[in-house]
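Coordinates in review
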Amino acid sequence: MKWLIDLFTSSLGRKLLMALTGLFLISFLVIHCTINAMIFYNDGGTTFSHWGHFMGTNPVIRTLEVGLVAGFLIHIFQGLLLWKRNHQARPVKYSVSKDPKSTWYSRSMGLLGTLLLLFLIMHTSHFWIPNRTHQFTQGEELPLYNMMFEVFSNPWVVFFYVVGCVSLFWHLLHGFASAFQTLGLNHLKYNGIISFIGTAFSIIVPFLFALMPIAVYLKWIN
Amino acid sequence: MKITLKVWRQKNRTTKGEFKTYQHEHVSPDMSFLEMMDVLNTELIKKGEEPIHFDHDCREGICGMCSMYINGHPHGPLQTTTCQLHMRTFKDGETITVEPWRAQAFPVIKDLVVDRSAFDRIQQAGGYVSVNTGGVPDANEIPISKNIADEAFDSAACIGCGACVAACKNSSAMLFVSAKVSQFALLPQGHAERKERAEKMVAQMDAEGFGNCSNTKACEAECPKAISVSNIARLNREYFSAMVSSYKVTVGGGE
Amino acid sequence: MKFESKTPEGPLAEKWTKHKFNLKLVNPANKRKYEVIVVGTGLAGASAAASLAELGYNVKAFCFQDSPRRAHSIAAQGGINAAKNYQNDGDSVYRLFYDTIKGGDYRSREANVYRLAEVSVNIIDQCVAQGVPFAREYGGLLANRSFGGAQVSRTFYARGQTGQQLLLGAYSALNRQIANGKVKMYTRTEMLDVVVTDGKARGIITRDLVTGKIEAHSAHAVLLCTGGYGNVFYLSTNAKGSNVTAAWRAHKKGALFANPCFTQIHPTCIPVSGDHQSKLTLMSESLRNDGRVWVPKTAHKGLKAKEAASIPESDRDYFLERKYPSFGNLVPRDVASRNGKMMCDEGRGVGATGLAVFLDFADAIKRVGRDVISAKYGNLFDMYKQITGDDPYEMPMMIFPAVHYTMGGLWVDYNLMTSVPGLYALGEANYSDHGANRLGASALMQGLADGYFVIPYTIGDYLAHLGWNDKVGTDHPAFKEAIDGVNAKISKLLSIKGKKTVDELHRELGLTLWEHCGMSRNEEGLKAAKKKIQELRADFWQNVNVLGGSNELNMELEKAGRVADFMELGELMVDDALNRKESCGCHFREESQTPEGEALRIDSDYAFSSAWEYKGENQPEELHKEELHFENVKLTQRSYK
Ligand SMILES: Cc1cc2nc3c(=O)[nH]c(=O)nc-3n(C[C@H](O)[C@H](O)[C@H](O)COP(=O)(O)OP(=O)(O)OC[C@H]3O[C@@H](n4cnc5c(N)ncnc54)[C@H](O)[C@@H]3O)c2cc1C
Ligand code: SF4
Ligand code: FES
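Residues numbered from 1 in each chain as written. Chains lettered and ligands numbered in written order. Predicted model: local features only at pLDDT ≥ 70, side-chain atom pairs only at ≥ 80, totals over all residues. Heavy atoms only, no water.

**Looking at the interface of chain C and chain B**
Here is the rule we go by: Two residues form a contact once any of their heavy atoms are found within 4.5 Å. By convention, the term buried area covers the 1.4 Å-probe accessible surface removed from two parts as they join, with the contributions of both added. The rule for a salt bridge is simple: a side-chain nitrogen of Lys or Arg has to be within 4 Å of a carboxyl oxygen of Asp or Glu. Contacts described as polar in this section are N or O atom pairs within 3.5 Å, which, within protein, must combine one atom able to donate a hydrogen with one able to accept it, while residues neighboring in sequence count only if both atoms come from side chains. Think of it this way: any DSSP run of H or I at least four residues long counts as a helix, any run of E at least two long counts as a strand, and we number them from the N terminus. Any residue that is not Ala, Val, Leu, Ile, Met, Phe, Trp, Tyr, Cys, Pro, Asp, Glu, Lys or Arg is counted as polar, Gly included; the first ten are nonpolar and the last four charged.
Across the contact, 77 residues belong to chain C and 74 residues belong to chain B. Surface buried jointly by chain C and chain B totals about 6,200 Å² across both partners, of which 52% is contributed by carbon and sulfur atoms. Seen at the junction of chain C and chain B, the total is eight salt bridges. Taken together, the connections running from chain C to chain B amount to 48 residue pairs in polar contact (both at pLDDT 80 or more). When residues of the side of chain C that touches chain B are traced back to their parent elements, those giving at least two are α2 (43-55), α4 (110-130), α5 (162-180), α10 (370-388), α11 (443-466) and α15 (555-579) of chain C. With nine residues, α5 of chain C is the single largest residue contributor to the side of chain C that touches chain B. Here the side of chain C that touches chain B is composed, by residue class, of 29 nonpolar, 29 polar and 19 charged.

**Considering the sheet that holds strand β8 (residues 214-218) of chain C**
Residues and elements named next belong to chain C. Going by this rule: Two strands pair if DSSP finds at least two bridges between them. Lines fitted to the C-alpha atoms define the axes, with helices restricted to the stretch that makes contact. Angles between their N-to-C directions range from 0 to 180 degrees.
On the basis of which strands lie adjacent, the open sheet formed by three strands has the order β6-β7-β8 and antiparallel pairing. Of all the strands in the sheet, the pair left with one neighbour each is β6 (189-197) and β8. Each neighbouring strand pair of the sheet contributes to a mean axis angle of 25 degrees, computed without reference to strand direction. Bridge count between β6 and strand β7 (residues 200-208): eight bridges; the pairing is antiparallel. Bridge pairing in β7 places Val-196 opposite Ala-201. Along the sheet face, helix α12 (residues 477-496) touches β6, β7 and β8 and points at about 140 degrees away from the line of β6.

**Some thoughts on the interface of chain A and chain B**
The interface of chain A with chain B comprises 36 residues on the first partner and 49 residues on the second. Together, the buried faces of chain A and chain B total about 3,400 Å²; carbon and sulfur atoms form 54% of this surface. Three residues, Leu-12, Tyr-94 and Lys-101 of chain A, lead the burial of chain A against chain B; their summed loss comes to 22% of the area buried on that side. In this assembly, chain A and chain B are joined by one salt bridge. Residue Glu-222 of chain B is joined to Lys-101 of chain A by a salt bridge in which the shortest nitrogen-to-oxygen separation is 3.4 Å. Mapped by element, the contributors of at least two residues to the side of chain A that touches chain B are α1 (2-9), α2 (11-36), α4 (59-88), α5 (104-107) and α9 (155-182) of chain A. Among the elements that take part in the side of chain A that touches chain B, α2 of chain A stands out by supplying five residues, more than any other. A per-class count over the side of chain A that touches chain B returns twelve nonpolar, 15 polar and nine charged.

**Comments concerning α12 of chain C**
Residues and elements named next belong to chain C. Note the threshold: An expected span of 1.5 Å times one less than the residue number is assigned to each helix. Relative accessibility thresholds used throughout: buried, under 20% of the residue-type maximum; exposed, over 50%; partly exposed, between the two (1.4 Å probe, protein chains only).
If you check α12, its first and last C-alpha atoms are 29 Å apart, about what 20 residues at 1.5 Å a residue would give, namely 28 Å. Buried within α12 we find Ala-478, Phe-479, Ala-482, Val-486, Ile-490, Leu-493, Leu-494 and Ile-496. Following α12 by one or two positions, Lys-497 adopts a phi angle in the positive range, close to 50 degrees.

**What to know about the site of ligand 2**
All names here are of chain B. The test is simple: We define proximity as follows: a residue is near a molecule or strand when any one of its heavy atoms falls within 4 Å of that partner.
Taken together, 13 residues lie around ligand 2, and Cys-158, Cys-161, Gly-162, Cys-164 and Cys-223 are the ones closest in. Sorting the residues of the shell around ligand 2 by element identifies α4 (163-167) and α5 (174-186) as the ones contributing at least two each. Considered class by class, the residues forming the shell around ligand 2 number eleven nonpolar, two polar and no charged.

On their own, these measurements won't tell you what the molecule is for.
Structure, rendered in structure tokens:
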């Protein structure tokens, strides 16, 4: 098994973990976003709650959720570790860094990731943590749909959610294509489509997410 | 032309360095950057000041020896080597800041001279085809498609200057390493040792203290030989497939 | 002094095979008991060090750059010759031999040149096996081009970066042996002396360029693969660090120096732009395949490239096409260079300095289109534009000859051994194969032939006769004495603290040589040059200013040591040129011309290689002659009309 440890402690192996967990988290975003978007049916939360209930109780999904938490933790832990090592790789910094030839967000994944982490802490403590705690202790779910109205009535919360979504947009804009590059999936024939899907994804998903608190706050949904 | 130069001066590896400012009054737009430095050095010697040390040799953009970080860019604002950069690129009266390559793995030896022997050690770890002199097949017994040969050449064009490391915010050496691994991964001659090569070179790269690639592509944008990041993707493929399938795993680099 | 060429007897084509058989072998188990020092890791040195280590010898290799990969060989552009006859156009080992010996104007040893042609085919096989990405045809086989006026296509190439790819191949072989522990590599280390005891080379003295530490290294044999000395002219196409120091110090320890005045001037280089010029950039010879060389028929002072179009066809003199109708723009380098200079001497040169001629691609672009030209020469055009600011697609290039290669070097016998037993010279550092003029694409061939396929055989013979016990340790007084000598020289250089920089003095030396010992030479000029160089040398030792200390990285000190040696070499070059009162190859003595102004060889008096012996500080050197015997080729006057 030494080879496996060697693999995942090598610089490339750590990047591999980042890419794999990143793509896994992206797939989670798709589901999360799809279900949450059910609120736009504006049917008093019937569809939303139906699917929310399914996600919260289905044994397969619940098992996968463990993987999801692990995925988050690995992604965060490796990200911080890489950030630290990359920092150490240049002990003396340059004094001039003018118009660099790379995008700012590709250079700021650590920063964007940290913002997302803060957001995540806030977000999970709004919904997921209380809900699961309640499930464990009381055996039944909380009314998430109603909680949403309560949480998003505070303009500051809405503001921070929007900031979180903007961070997510930049994080994905680099992360999506970057994951493919790390996995070695770089080919002239497919690079165009990867980058197109990546950009589209990074715009659509965070946009939909951001729309939710705004829509609730502005009472487009009731 | 007249310019103001801010140059990093550092006596040796252990002493602390600092920027010194020089007014350079005798600059012609036709000078190469290094010639401009030569003229400045002559003036310094005449004044009894030690000349600024910098690496250079071919002055043709091919040996990879020259290495100055000029105004925030390795080899200056154009995508070329320092020796091929000419003063007509700069404006009269401009202030130009010159720093050495900065990376843990490239310690400063003196002024603008850094130690890039880490690159050699990475090559020694596996950047070769194990054939002895003599006893090889006729050159035309190994047909190689022109496209593959051209692509291998594109990777092989790397001059080992280290600008990719200097440009990378993480001081990652991935572009350099991937270029070499790619050359041999593309050519049939390299196939026999393909797996060990990727494993050993990456292990050595890690042991040298370079940072990790985060795909910002600054390396590609600054590389004087336009080595493509598609090489890095190839290195990733080579490495992962080697690690999960090689017979005997011998990783762990060393000095 | 006794010296023999050790050329084997027998028919030309069998000499090398027979010789290899007659050479004594070292038992495989005993090879590891021998140590060999290789100074220089360019094509010659890297290939030799790797091959010897593969055989089992313990090798120590040295270079002054920070990595073996940066040796000057990296800059070779055009290609490497080999008698593969892959193109079915009539090439053969014999033809390559013949072309090389004729190209060298019959001033090289037949047996050596034949061997070179013979092993040329193995070089390509070796390099391909190492993964050198040579150019290929669509069918997957190797491509060739005709180069430097050759009538057959025998040049293998890797875009415009052949030297780089070949060196990276040799470097990879060297790296493999470093990893195996068979080669110990010393980078940023300069050799400053050879140690000789009982008439045999026993080791070297080096300076660690980073710490300044002077060290002794002993071995059973020493190989000098330290490249050429074109930088004696200050401006040349060589890398800035290229120097004669290793060869020169060996010369002072008894190694004969052969044909020092044979320097090749390359016709297509970017002209000098001002006093700040630090080196000259070669524009590949291949450009002459499509470019046409011309000057205006009447002098136009300061004609710029932009204005070239204003000169009508009828007022242009395509002088190479006019004078040499059958070879046209593809005449050999020496002929092209000399004619270019003649035009400038007549006042018809172009550009701000009047020291340039046009190389025009307008016709070629019209004929085959811009895309084809760009595919062939794109990188060269870009480089030209980068350096000069002019775009060669829009206007002609301006070119002028520049010092490029030194055919002269340490005298070696057929085994590549200098006149000091156990001391070998390989690659451009020796004088062996190119006579008075080197053909394009044959220096790479020679460097690799020496390193991969000659020295591994010939060194065994010396070592087997020597025995591994016959080695002198670094505690021997001869090492101490050599170290003291090196230290004394360094202290002297640092103590002068005069008024002139090393570069200033070097530039003066270069100008003097260029003026009088460059493209054309005459008795009067050479004598003046000799005097001037002696004065310069005296001035150097009184007036040079080298700052900094000896125990640190001190590039001025490195330069000063090299220039001190150039000063001495320069005088010997002039002596050699004075002595050779014929014109041959690159050496054009104005006193010896045909009625049409072409070079006139005098075979009756000068069919020899001059081999100079050092006789002590400020003593005239003694000339020895190695008579050249031509049994297989008929000596003809070269004609490219
Ligand atoms: C611009 C240019 C283009 C060329 N193009 C071609 C071409 O297309 N085809 C062709 O055949 N030839 C070409 N040549 C010529 C050819 O490149 C050289 O002749 C050849 O590469 C010399 O190889 P070498 O191994 O002998 O020496 P080099 O490559 O010069 O190596 C010398 C080595 O010696 C070391 N060294 C020197 N002195 C010392 C010292 N005192 N102590 C320690 N180390 C020392 C250096 O560090 C270096 O490693 C070209 C030359 C130039 C200048
Ligand atoms: S990849 Fe480019 S920047 Fe990096 S060492 Fe090679 S040539 Fe220099
Ligand atoms: S000096 Fe050789 S690449 Fe710049």
